[in-house]
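Working through the structure, step by step
Below are the chains, spelled out letter by letter.
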Amino acid sequence: MTSPLFSLFSDPGRQGAAPEGKFTACWQSPSNIALVKYWGKRDDQMPVNPSLSMTLEKAVSLTLLEAKAGEAKKGLVEVNGDPQHPFIPKMQQLIGKLFPGIPSLGNFSFRATTSNTFPHSTGIASSASGLSAFTLCLLDIACQSMNLEIPLPEWKQVASFASRLGSGSACRSIYGGFAVWGRSAAVPGFCGG
């Protein structure tokens, strides 16, 4: 799935540095708790109904992503030093969805180190914060490799759209406080994320 939001990543006039060498990005992203849940998604990863969540500022996922060009195996090769880590398929699927819109990601082998500031299996979903932090790292590396700077409002839009491709709830972790995902007449001027 591509989006007009990704056009800046494929514009040859905006591509500076060659996608060679090694790049590192480190981001954290908060988890969120849905106060109004969505009840399913359409094929394009948009919710059937809008949802409302509250961001948990102290419950975050921390991700360090290293990208290296020139290796035989491309994509995500390990998480926390484990090439068989159970998160790899979902994270690799996200890279695959981002690749058509951000082709420079296809040049790299990625190694992720990730952790949470909250305990596992306590009812706080780590998939939203984890995929959100991972997405922010991927976008950061794409920007570094292309010598590209994106203004903050546009960055949040791109990051929210991109993280949604990995996990619907992840798009709400890009914004702090309360976040709405999906179109709602209750939020004037909001078109959905």
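Residues numbered from 1 in each chain as written. Predicted model: local features only at pLDDT ≥ 70, side-chain atom pairs only at ≥ 80, totals over all residues. Heavy atoms only, no water.

Secondary-structure assignment places Phe23 in strand S1 (residues 22-36). Once the C-alpha coordinates of Phe23 and Phe110 are considered, the two residues, 87 residues apart in sequence, prove to be 9.6 Å apart. (Helix = DSSP H or I, 4+ residues; strand = E, 2+ residues; numbered from the N terminus.)

At a closest axis distance of 9 Å, the pairing of helix H3 (residues 126-146) and helix H4 (residues 152-164) adopts a crossing angle of 125°. Taken as axis vectors, H3 and H4 run oblique relative to one another. Between H3 and H4 lies a crossing of right-handed hand. Seen from H3, the contacting residues are Ser132, Thr135, Leu136, Leu139, Asp140 and Cys143; seen from H4, they are Trp155, Val158, Ala159, Ala162 and Ser163. Each residue belonging to the contact of H3 with H4 can be placed in one class, and the counts come to seven nonpolar, three polar and one charged. (Axes fitted to C-alpha atoms, helices over the stretch in contact; angles between N-to-C directions. Parallel < 35°, antiparallel > 145°, perpendicular 65-115°, else oblique. Left-handed = near helix turned anticlockwise from the far one by under 90°. Contact = heavy atoms within 4.5 Å. Nonpolar A, V, L, I, M, F, W, Y, C, P; charged D, E, K, R; others polar.)

Moving on, we get to unusual backbone geometry. With a phi angle near 50°, Asn80 is a residue other than glycine that sits in the positive phi range. With respect to the helices, strands and loops of the structure, Asn80 is situated in the loop between strand S3 (75-79) and helix H2 (88-98). On the basis of relative accessibility, which here comes to 41%, the residue Asn80 falls in the partly exposed class. Of note, Asn147 is a non-glycine position whose phi angle comes to about 55°, a positive value. Relative to the elements of secondary structure, Asn147 occurs in the loop between H3 and H4. (Buried < 20%, exposed > 50% of the residue type's maximum accessible area, 1.4 Å probe, protein only.)

These figures come from the coordinates and say nothing about function on their own.
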